[in-house]
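Here is how the chains run, residue by residue.
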Amino acid sequence: METYRKIFHFFFFFFSCHHLAVVVTGDSNYPLAESNIFLACGWLGNTGPPGQTWVGDVNSQYSPHEDASAPKSTIVTENKQVPYSKSRVSHSQFTYIFNVTAGQKFIRLHFYPSPKPGFNTSAAFFSVKAASFTLLRNFSASLAAYGNDRSPFFKEFCINIEDDQRLLNITFTPSPDYNDSYAFINGIEIVSMPLNFYYTAADDPGGGFRFVGQDNPYSILNINALATLYRINVGGKQISPSDDTGGMYRTWEMDDPYLTDARPSALPVNQSIHLTWIRNYSAPDL
């Protein structure tokens, strides 16, 4: 029986950057951009802005691997910008294989839960597995979308690639619990991050998070996968991936949608604090 490692869910807030600054190593240019992959599923050729070129999976080294005896995946054209302009859809399992460098990575899975001709929207339940980690299980992009407007969105995870691994399989499997179920994906990002940026260094027994009322720190070992829930720029505007630091292409949301009745009295304040001790890739200056 396959044993699934537990996926830990964490809030990646700016407030935790004091911890991140302690455990990261290396210079401000890490990670190296050449180790990053931006895959536009269903797309032929390359597209996108400089520095974040999306590579199509049609007739390329990233073409998905499929069971020869099962129905082939199909491509659906969407009315959105890359990577949401097309999607790869299948009633059968399909796998992407990536040649990656060792180290800790962001994996971002992009979804646009729009109606797809020939596919029942309510049957889009599937699982996603990356290496030995099940990132999504019995997942419905329609149910996970913000509100009912079927807006594009992405799910972000962190995993570690061992030195002897280097080939990363990401597999999409329609749920066997639903008739006519299918899986789909619009885009996949694999982006490197600094060593031990969100993880605890193996040679640092005193590292990790310290919770109130507990003496021993809680370590986040790289045998675990992490799932990002929220990354918020408190009191500021939304920061796009192209404006992030360190080449990690993170998205920082505004906090307005998350404020409650305290909003009229909870005003953003700029105290002109100059951060000199924190790694510049922990978070953008804004």
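All values reported here derive from a predicted model rather than from experimental measurement.

## Side note on the overall build of the protein
Here is step 1 of the chain: Per the secondary structure count, the protein includes 2 helices and 18 strands.
Here is step 2 of the chain: Expressed as a percentage of contacts within the protein between residues at least 6 apart in sequence, the contacts between residues at least 24 apart total 72%.
Here is step 3 of the chain: Carbon together with sulfur atoms contributes 52% to the accessible area of the protein, which is approximately 15400 Å² in total.

## Overview of the sheet that holds strand S14 (residues 183-185)
What holds strands together in a sheet is hydrogen bonding between their backbones, with the strands either parallel or antiparallel.
Here is step 1 of the chain: With antiparallel pairing, the 3 strands of this open sheet are ordered in space as S6-S7-S14. Of all strands in the sheet, those bounded by a partner on one side alone are strand S6 (74-77) and S14. When the angles between neighbouring strand axes are averaged without regard to direction, this sheet yields 30 degrees.

## What about a nonpolar patch on the surface?
Here is step 1 of the chain: On the surface, Leu229, Tyr230 and Tyr258 cluster together into a nonpolar patch covering about 250 Å² of accessible area.
Here is step 2 of the chain: Within the secondary structure, Tyr258 is located in the segment after strand S18 (253-254).
Here is step 3 of the chain: Classification of Tyr258 by relative accessible area gives partly exposed; the value is 33%.

## Quick word on the pattern of salt bridges
Here is step 1 of the chain: Counted by the stated rule, this structure contains 6 salt bridges.
Here is step 2 of the chain: Among the salt bridges present, the one from Arg108 reaches Glu156, with a minimum N-O distance of 2.6 Å. Highlighted residues: Arg108 in strand S9 (residues 103-111) and Glu156 in strand S12 (residues 153-161), separated in sequence by 48 residues.
Here is step 3 of the chain: Here Arg108 falls in the buried class, since its relative accessible area comes to 1%.
Here is step 4 of the chain: Classification of Glu156 by relative accessible area gives buried; the value is 4%.
Here is step 5 of the chain: Glu156 is the partner of Arg231 in a salt bridge, and the nearest nitrogen-oxygen pair spans 2.7 Å. With a gap of 75 residues between them, Arg231 in the loop between strand S16 (225-228) and strand S17 (232-233) and Glu156 in strand S12 connect regions that are remote in the sequence.
Here is step 6 of the chain: Residues joined in a network through salt bridges with shared partners are Arg108, Glu156, Glu189 and Arg231.

## Thoughts on unusual backbone geometry
Here is step 1 of the chain: Here the residue pair Val82 and Pro83 is connected by a cis peptide bond, since its omega of 5 degrees sits within 30 degrees of zero.
Here is step 2 of the chain: Here Pro83 lies in the loop between S6 and strand S7 (86-90).
Here is step 3 of the chain: For Asn59, which is not a glycine, the phi torsion comes out positive at approximately 55 degrees.
Here is step 4 of the chain: Looking at the secondary structure, you find Asn59 in the loop between strand S4 (54-56) and strand S5 (65-66).
Here is step 5 of the chain: The exposed category is assigned to Asn59, whose relative accessible area is 71%.

## With respect to the sheet that holds strand S10 (residues 125-130)
Here is step 1 of the chain: Taken in spatial order, the 5 strands of this open sheet run S5-S8-S13-S10-S11, and their pairing is antiparallel. The open sheet has two free edges, formed respectively by S5 and strand S11 (133-140), since each of these has just one partner strand.
Here is step 2 of the chain: Taken together, the 5 bridges between S10 and S11 define a ladder with antiparallel strand orientation. Residue pairing for S11: Phe125 is matched across the bridge by Ser140.

## Describing the packing of aromatic side chains
Here is step 1 of the chain: All told, the structure shown has 20 aromatic pairs when counted by the stated rule.
Here is step 2 of the chain: A ring pair is formed by Phe94 and Phe172, whose centres lie 5.1 Å apart and whose planes are at 10 degrees; its orientation type is stacked. With Phe94 in strand S8 (residues 94-99) and Phe172 in strand S13 (residues 167-174), the pair connects residues that are 78 residues apart, well separated along the chain.
Here is step 3 of the chain: In this structure Phe94 comes out as buried when scored by relative accessible area, which is 0%.
Here is step 4 of the chain: Using a relative accessible area of 0% as the deciding quantity, one classes Phe172 as buried.
Here is step 5 of the chain: Of the aromatic side chains, those joined through ring pairs into one cluster are Tyr62, Phe94, Tyr96, Phe98 and Phe172.
Here is step 6 of the chain: Geometry around Trp252 places Arg231 over its ring, the cationic atom sitting 5.7 Å from the centre.

## Regarding the side chain of Asp255
Here is step 1 of the chain: Residue position: Asp255 is located in the segment after S18.
Here is step 2 of the chain: Setting aside residues no more than four positions away along its own chain, Asp255 makes contact with Ile232, Asn233, Val234, Gly235 and Gly236.

## So, the environment of Phe197
Here is step 1 of the chain: Within the secondary structure, Phe197 sits in the loop between strand S15 (187-192) and S16.
Here is step 2 of the chain: Separated by 85 residues in the primary sequence, Phe197 and Ser282 have C-alpha atoms spaced 8.2 Å apart.

## Quick word on the pairing of S8
Here is step 1 of the chain: Note that S5 and S8 share 2 bridges and pair antiparallel. Directly across from Glu66, in S8, lies its bridge partner Phe94.
Here is step 2 of the chain: Of the strand pairs in this sheet, S8 and S13 are connected by 6 bridges, and their pairing is antiparallel. Counterpart to Tyr96 in the pairing with S13 is Ile170.

Cut-offs and rules
- Residues numbered from 1 in each chain as written.
- Predicted model: local features only at pLDDT ≥ 70, side-chain atom pairs only at ≥ 80, totals over all residues.
- Heavy atoms only, no water.
- Helix = DSSP H or I, 4+ residues; strand = E, 2+ residues; numbered from the N terminus.
- Contact = heavy atoms within 4.5 Å.
- Areas by Shrake-Rupley, 256 points an atom, 1.4 Å probe, with all protein chains shown as cover.
- Pairing = 2+ DSSP bridges.
- Axes fitted to C-alpha atoms, helices over the stretch in contact; angles between N-to-C directions.
- Patch = residues over 30% accessible without salt bridge, like charges linked within 9 Å, V, L, I, M, F, W, Y side chains within 5 Å.
- Salt bridge = Lys/Arg side-chain N within 4 Å of Asp/Glu carboxyl O.
- Buried < 20%, exposed > 50% of the residue type's maximum accessible area, 1.4 Å probe, protein only.
- Phe/Tyr/Trp six-rings, centres within 6.5 Å; stacked < 30°, edge-to-face > 60°.
- Lys NZ or Arg CZ within 6 Å of the ring centre and 35° of its normal.

As far as function goes, none of this settles anything; it's purely spatial.
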